[in-house]
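So the chains spell out like this:
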Amino acid sequence: MRFVKHKYGFRLLFVFLIVVGSKTVFSAFVSDFVANILALTVVALWVALPYVFMHNAVLLLAVSGISTELGFSLSFSTILLLLAILSIYDVLAVYQTKHMVKMFTGLMERGLLLSIVVPFRDRDWFAKTDTVKPRKGFLLLGTGDLAFPLIFAVTALTVSLKASLFIAGGATVGAALVFYLLIHQSQRRAIPALPPIAICSILGFLASFLI
């Protein structure tokens, strides 16, 4: 019973994040009332269609909304400091203490897949999310690895739109590098994704002043 309660508790937390994040996105285009209806519709689709492609779409929407809110509320220096601290933490948590991997696996067992899923095979975009396993036909990118570069890009709007776009481009290059390293490992294991993504994001920001 305790496990069941925890399982549904984590799913309710995920639903809350979906509602908050998607409503933030929709509110930029429609009234709050319509945004609420659309956010609940997104949750219904996530429940009714528990497939990889839907999971990714919903998660991207939720992360985009939450990251935008945080990006507008944090200072530029604060997000740079957070990127540095969390990148170091990511390395230690994956390679040293290894608790990040244990925590991630534990959340998956409780029905909470807090990551973007990239399958090796095209048909697995339609695989059910409860069949997703790390290093078994799927690559996973944690929501934090996606959210913090996005927060950085939103915060950079105070500098210029060009800087923000270059940060997004740098983060994309960093994510591609992470996936390349994952695919070409001699021994499949988790790697800290935030450091290369953060470094490429910062390089993208610097490049915006040179190009």
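Structure: see above.
Now for a look at the structure at hand. None of these values were measured; they are calculated from a predicted model.

## A look at the pattern of salt bridges
Under the criterion given, the structure shown has one salt bridge. The partner of Arg 121 in a salt bridge is Asp 124, and the shortest N-O contact between them spans 2.9 Å.

## Remarks on the nonpolar core
Counting residues in hydrophobic clusters, the biggest one holds 24 residues, and the most contacted among them are Phe 14, Ile 18, Val 58, Leu 141, Val 178, Leu 182 and Ile 197. For this core, the elements supplying multiple residues, two or more each, are helix H1 (2–27), helix H2 (32–48), helix H3 (52–73), strand S2 (138–142) and helix H7 (161–183). At five residues, H7 tops the list of elements feeding residues into this core. In this view, Val 178 contacts Ile 191, Ala 193, Pro 196 and Ile 197; residues no more than four positions away in its chain are not counted. In terms of nonpolar packing, the next biggest core, distinct from the first, is built from 11 residues, Phe 152, Ala 163, Leu 194 and Phe 205 among them.

## Describing a nonpolar patch on the surface
A cluster of nonpolar residues, Phe 29, Val 30, Phe 33, Val 34, Ile 37 and Leu 38, forms a patch on the protein surface that exposes about 570 Å² of accessible area. Assessed through its relative accessible area of 33%, Val 34 is described here as partly exposed.

## A few points about the environment of Ile 79
Residue position: Ile 79 is located in helix H4 (residues 76–96). Along the backbone, Ile 79 and Phe 148 are 69 residues apart, and their C-alpha atoms lie at a distance of 8.0 Å. Ignoring any residue separated from it by four or fewer positions in sequence, one finds Ile 79 in contact with Phe 148, Ile 151, Phe 152 and Thr 155.

Procedures and definitions
- Within each chain, residue numbers correspond to sequence positions counted from 1 in written order.
- pLDDT decides what is reported in this predicted model: residues at 70 or higher carry local features, side-chain atom pairs at 80 or more are listed and counted, and totals for whole chains, interfaces and linings draw on all residues regardless.
- Only hydrogens and water are removed before side-chain values are computed, so all heavy atoms of the structure are retained for them.
- By convention in these notes, a salt bridge is any Lys or Arg side-chain nitrogen within 4 Å of a carboxyl oxygen on Asp or Glu.
- Definition used in this section: a nonpolar core is a set of buried Ala, Val, Leu, Ile, Met, Phe, Trp, Tyr and Cys residues joined via side-chain atoms within 4.5 Å.
- Using a 1.4 Å probe on the protein chains alone, a residue whose accessible area is under 20% of its type maximum counts as buried, one over 50% counts as exposed, and one in between counts as partly exposed.
- By the criteria applied, helices consist of DSSP H or I runs no shorter than four residues and strands consist of E runs no shorter than two, each listed in order from the N terminus.
- Residue contacts are defined here by distance: any two heavy atoms, one from each residue, within 4.5 Å place the two residues in contact.
- Only residues whose relative accessible area exceeds 30% and that form no salt bridge are eligible for patches; like-charged ones are grouped when within 9 Å, while nonpolar side chains (Val, Leu, Ile, Met, Phe, Trp, Tyr) are grouped when within 5 Å.
- Surface accessibility follows the Shrake-Rupley procedure with a 1.4 Å probe radius. Residue values consider only the protein chains on display as shielding.

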